[in-house]
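# Summary of structural features
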Amino acid sequence: MKIYPTINIIGLGYIGLPTSLIFSKNGYKVHGTDIKKETISILNKKILPIEENGLQELFESSLRNGITFSEEVIVSDFYIVCVPTPYLPKLKSIDPLFVIKAVEKVLNFCKPDSIIIIESTISPGTIKKFILPLVEDFNKKTNKHIHLAHAPERIIPGNMIHELVTNSRTIGADDEITLDRVVEIYSSITSGKIVKTSILNAELTKVVENTFRAVNIAFSNELLKLGSFYNFDPYEVIEICNLHPRVKILNPGPGVGGHCIPIDPWFLVGDWPLHTDLIRLSLETNESMPEFVLEHINKIKSKHGVKNQRIGLYGLTYKEDVDDIRESPSLQLISLINKNLGSDLISFDPTLKKIVVPGQTLSYEEFLNQTDLVVIMVKHSHLKNNFLSLKSKIILDTHNYSPKDVSNNRYLLSDSL
Ligand SMILES: NC(=O)c1ccc[n+]([C@@H]2O[C@H](COP(=O)([O-])OP(=O)(O)OC[C@H]3O[C@@H](n4cnc5c(N)ncnc54)[C@H](O)[C@@H]3O)[C@@H](O)[C@H]2O)c1
């Protein structure tokens with residue numbers, strides 16, 4: 001009979017929770033640790049704190065396999081660290097404190113030869129600069145030979161479970177034995193290719209992938225602005241260009257959100273400011289988009305005489321069909337508008353069951369009754385079944401998502417108003 005190693009996942013958020021469930025489903029003895037009492041208490045009541053397609057089934061099978069949750073770190077063969085890695089707002093470089101704290105906690109409990117795998121997204125050099133010295137110092141004092149690896153996670157909310165079991169993985173470790181031990185556990189949960197590399201290259205790949213996407217989106221946002229200034233249809237131009245076999249321009253929109261694209265590229269700019277002009281400009285372009293949306297709202301408002309209290313935002317999350325609002329363009333726009341209009345904007349999001357911003361309604365009907373100008377900020381599937389309900393509204397569609405005839409007064413960000 002195969003003896004499975006024990007795994008302790010540290011941080012049970014959007015990444016750590018599904019990861020712990022998938023390891024448990026695959027036979028590992030898994031313990032999940034989170035500093036949030038509330039998260040642990042909900043999980044121990046057998047309730048999921050986040051919504052995600054297929055997560056409930058996975059949770060049930062993990063419970064049957066004996067997964068446990070607590071605020072404590074326990075003795076294990078592997079520790080997988082999935083804690084947040086925000087950037088320091090002023091310096092724009094990584095704030096490594098969550099990872100440092102999590103590793104320090106692990107070092108208090110680990111047994112000899114255990115492996116600490118950092119899954120959190122980190123800027124290149126973070127492990128060498130902040131984590132390795134802690135572990136080396138600990139090893140010197142205790143002779144426990146604790147090893148480090150980096151296995152950056154790339155799954156996307158909305159399709160997490162599928163991606164967890166099919167995505168290729170990059171595993172970075174600086175010695176062959178650790179690398180092989182880590183590869184063995186990840187190859188048992190994914191059918192994707194496993195790439196072995198150094199810790200530094202693993203750190204770089206994740207940040208570079210997100211930077212590539214941020215720069216590509218900035219390019220398409222610039223095309224969108226050019227379209228509105230010089231009177232051409234950027235959506236059609238992008239669609240035609242993308243027929244070229246080697247061109248793939250991403251979609252323009254009201255800005256970027258989530259935990260990755262608006263944040264990770266700043267790690268490179270923060271650490272290497274002298275040689276990252278293109279990346280910095282791209283990030284600034286993406287960050288300028290909510291302001292660009294606001295300019296359009298103001299022009300439409302004047303043209304149609306819409307009162308501030310009758311403007312509504314459809315969609316608060318950072319992308320369609322997920323309940324994650326972190327860094328979302330809608331929240332950025334709301335904070336701009338609050339400064340600008342001085343009143344709470346009406347908003348609605350079909351994926352949110354709780355009020356997250358003032359002025360938000362949980363009923364779509366109420367949202368429609370209270371608005372004349374509807375700004376489509378997120379391409380939720382819910383709207384596809386409700387385009388007819390927008391017939392009498394003035395629409396600003398920031399994604400070119402709605403049909404052209406959705407209303408007699410439909411505007412796009414590419415319109416020169
Ligand atoms: N969300 C995504 O789509 C995504 C995708 C790929 C990579 N990532 C990266 O994965 C990491 C985690 O992101 P997330 O979205 O899961 O974050 P999250 O905020 O949803 O979850 C992090 C969890 O860690 C817990 N935590 C913080 N410090 C802790 C500690 N010392 N001990 C135990 N628990 C602790 C928090 O309470 C929280 O529940 C980040 O580095 C992020 O950049 C996220």
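Residues numbered from 1 in each chain as written. Predicted model: local features only at pLDDT ≥ 70, side-chain atom pairs only at ≥ 80, totals over all residues. Heavy atoms only, no water.

Before going further, it helps to spend a moment on the pattern of salt bridges. For the structure on display, the rule yields 11 salt bridges. Notably, a salt bridge pairs Arg310 with Asp372, separated by 3.1 Å at the nearest N-O pair. Placement of the pair is Arg310 in the loop between helix H12 (289–304) and strand E9 (311–314) and Asp372 in the loop between helix H14 (364–370) and strand E12 (373–376), with a sequence separation of 62 residues. With a relative accessible area of 32%, Asp372 lands in the partly exposed category. Put simply, Asp324 and Arg326 hold a salt bridge, and the shortest N to O gap is 3.1 Å. Under the relative-accessibility criterion, Asp324 is labelled buried at 2%. What you see here is one network of salt bridges that share partners, running through Glu119, Glu153 and Arg169. (Salt bridge = Lys/Arg side-chain N within 4 Å of Asp/Glu carboxyl O. Helix = DSSP H or I, 4+ residues; strand = E, 2+ residues; numbered from the N terminus. Buried < 20%, exposed > 50% of the residue type's maximum accessible area, 1.4 Å probe, protein only.)

This paragraph deals with helix H4 (residues 97–109). Taking 1.5 Å per residue, 13 residues should reach 18 Å; H4 reaches 19 Å between its end C-alpha atoms and fits that length. All of the buried residues along H4 are Val99, Ile100, Ala102, Val103, Val106 and Leu107. All buried residues of H4 fall inside an arc of 165° around its axis, so they share one side. Facing away from the buried side of H4, by more than 90 degrees, are the exposed residues Lys101 and Asn108. The secondary structure elements touched by the buried residues of H4 are strand E1 (6–10), strand E4 (78–81), strand E5 (115–118) and helix H5 (126–142). (Expected span 1.5 Å × (residues − 1). Arc of directions from axis to C-beta. Contact = heavy atoms within 4.5 Å.)

A word on the packing of aromatic side chains. On inspection of all chains with the given rule, the structure shows 11 aromatic pairs. Ring geometry for Phe23 against Tyr28: centres 5.4 Å apart, planes inclined by 85°, an arrangement best described as edge-to-face. A single burial state applies to Phe23 and to Tyr28, both of which are buried. Look at Tyr314 and Phe348: their rings are 6.1 Å apart centre to centre, the planes differ by 45°, and that puts the pair in the tilted class. Of this pair, Tyr314 sits in strand E9 while Phe348 is found in strand E10 (residues 346–348), placing the two residues 34 residues apart along the sequence. (Phe/Tyr/Trp six-rings, centres within 6.5 Å; stacked < 30°, edge-to-face > 60°.)

Moving on, we get to the site of the ligand. Around the ligand, the structure places 25 residues, and the nearest of them are Ile15, Asp34, Thr85, Thr121 and Arg326. Residue Arg326 places a side-chain N or O atom 2.9 Å away from an oxygen atom belonging to the ligand. Protein chains bury 93% of the 830 Å² of accessible surface belonging to the ligand in isolation. Residues of the shell around the ligand, tallied by class, amount to 13 nonpolar, seven polar and five charged. (Near = heavy atom within 4 Å. Polar contact = N/O pair within 3.5 Å; in protein donor to acceptor, adjacent residues only side chain to side chain. Areas by Shrake-Rupley, 256 points an atom, 1.4 Å probe, with all protein chains shown as cover. Nonpolar A, V, L, I, M, F, W, Y, C, P; charged D, E, K, R; others polar.)

Turning next to the side chain of Ser402. Of note, Ser402 is situated in the loop between strand E13 (394–397) and strand E14 (409–412). Classification of Ser402 as buried rests on a relative accessible area of 5%.

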